[in-house]
Amino acid sequence: MKQKIKRYSMIVLVVLLVTLSSVKYLSEYAKVSSNVNGRELPIYSVETDEKKVALSFDAAWGNEDTKTILEILEKHQVHVTFFMTGGWVSEYPDDVKAIQAAGHDLGNHSENHKNMSQLSDEEQKQELMKVHDRVKELTGEEMCLFRPPYGDYDDSVILNAKDCGYYAIQWDVDSLDWKDYGVDSIIDTVLNHKNLQNGSILLCHNGAKYTAQALEQIITGLQEKGYTIVPISELIYKDDYHMDVTGRQIKN
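As the structure is a computational prediction, the values presented were derived from the model and not from experiment. (Residues numbered from 1 in each chain as written. Predicted model: local features only at pLDDT ≥ 70, side-chain atom pairs only at ≥ 80, totals over all residues. Heavy atoms only, no water.)

Asker: Which residues make up the pattern of salt bridges, and what values do they have?
Answerer: This model, assessed by the stated rule, comprises seven salt bridges. Among the ionic pairs, Lys125 bridges to Asp163, the shortest N-O distance being 3.7 Å. With Lys125 in helix α5 (residues 121-139) and Asp163 in helix α6 (residues 155-163), this residue pair connects regions lying 38 residues apart in the sequence. Given a relative accessible area of 26%, Lys125 falls into the partly exposed group. Judged by relative accessible area, which is 57%, Asp163 ranks as exposed. (Salt bridge = Lys/Arg side-chain N within 4 Å of Asp/Glu carboxyl O. Helix = DSSP H or I, 4+ residues; strand = E, 2+ residues; numbered from the N terminus. Buried < 20%, exposed > 50% of the residue type's maximum accessible area, 1.4 Å probe, protein only.)

Here you go:
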């Protein structure tokens, strides 16, 4: 009888330990989750009561307007996020240092600007870490923001980025500056975008033809609407969050 009681007690103890472990795991998972309905999502925007948005620039080709963009941002005391490819970092190291020195976010845009979802897990991590290591060597900074080239991602891209210490970032307001429709088109697209709201992430490109010319009016136009412009690192939640189906980050 004592043997049966002892065996039963051991079974109960094991079940209890397994249950507690599961509860702890689920609790930790619930604190930070990018999974919505079984699909991993990047951050498209952030739910916040504060009237603030984040402005971002993808840097993959050319640097002709980088100095002008930095001067305009400094004039208006605005800080933004630059997502840089490995090739851009290698070709324009002084610009990378200037961006950091001005107080802007340094973000990862992959080594070779490939469609990440078409790569293996190992190749995806290499695309991230080659740029990461180069920027760290150049500036001493450990980047943590990643924007997939072409906005292309799947579950593996998001999870591999997370494994590398990155938050995957998309956007909910596309300036369409890359279409070269002109200055007025860029300004109108941003300021009257149907998705523009508290917590929006705006997409621009530092190498697009008319972006530098449109930037000042974008900044002043957003400010006239009451928005404060912040870098993505200041907009997103780093922990204790979940996502909705639109990729909007929500504080738990």
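Asker: Please provide a residue-by-residue account of the packing of aromatic side chains, values included.
Answerer: For the coordinates displayed, the defined rule picks out two aromatic pairs. Where Phe57 meets Phe82, the ring centres are 5.3 Å apart and the plane angle is 20°; that geometry is what we call stacked. Of this pair, Phe57 sits in strand β4 (residues 52-59) while Phe82 sits in strand β5 (residues 81-84), placing them 25 residues apart in sequence. Exposure remark for Phe57: the relative accessible area of 0% places this residue in the buried category. Residue classification places Phe82 among the buried positions, given a relative accessible area of 0%. Sitting over the face of the ring of Tyr227, Lys51 holds its NZ or CZ atom 4.1 Å from the ring centroid. (Phe/Tyr/Trp six-rings, centres within 6.5 Å; stacked < 30°, edge-to-face > 60°. Lys NZ or Arg CZ within 6 Å of the ring centre and 35° of its normal.)

Asker: Describe helix α2 (residues 66-75), and please don't skip the residues or the numbers.
Answerer: Of all the residues in α2, the buried ones are Thr66, Ile69, Leu70, Ile72 and Leu73. Buried positions in α2, seen along its axis, are confined to an arc of 160° and lie on one side of it. Within α2, the exposed residues directed more than 90 degrees away from the buried face are Lys67, Glu74 and Lys75. Considering only its buried residues, α2 is in contact with β4, β5, α3 (86-91), α4 (93-101) and α8 (211-224). (Arc of directions from axis to C-beta. Contact = heavy atoms within 4.5 Å.)

Asker: Now, about the nonpolar core: what can you tell me, with residues and values included?
Answerer: One recurring pattern in soluble globular proteins is that nonpolar side chains are buried together. Within the largest apolar cluster, 69 residues are counted, with the highest numbers of intra-cluster contacts made by Phe82, Met84, Ile169 and Leu222. Excluding residues within four positions of it along the chain, Leu222 makes contact with Val53, Leu191, Leu196, Leu202, Tyr227 and Ile229. (Core = buried A, V, L, I, M, F, W, Y, C linked by side-chain atoms within 4.5 Å.)

Asker: Go over the pairing of β5 with me, naming the residues and quoting the values.
Answerer: Because side chains alternate across β5, one face comprises the buried residues Thr81 and Phe83, and the other comprises Phe82 and Met84, equally buried. Looking at chain direction, β4 and β5 are connected through four bridges and run parallel. The residue of β5 that forms the bridge with Ala59 is Met84. Crossover connection from β4 via α2 to parallel β5: handedness right-handed. The pairing of β5 with strand β6 (residues 105-108) spans four bridges and is parallel. Paired with Phe82 across the bridge in β6 is Leu106. (Pairing = 2+ DSSP bridges. Right-handed = clockwise from strand over helix to strand, strands pointing away.)

Asker: So, the sheet that holds strand β13 (residues 248-251): which residues are in play, and what are the values?
Answerer: Spatially, β3-β13-β12 is the arrangement adopted by the three strands of the open sheet, whose pairing is mixed. At either end of the open sheet lies a strand with only one pairing partner, and these are β3 (45-46) and β12 (241-243). Examined bridge by bridge, β12 and β13 share three bridges and lie antiparallel to one another. Each residue of the ladder has a partner; that of Met243, found in β13, is Gln249.

Honestly, that's just the spatial picture; any functional story needs more than this.
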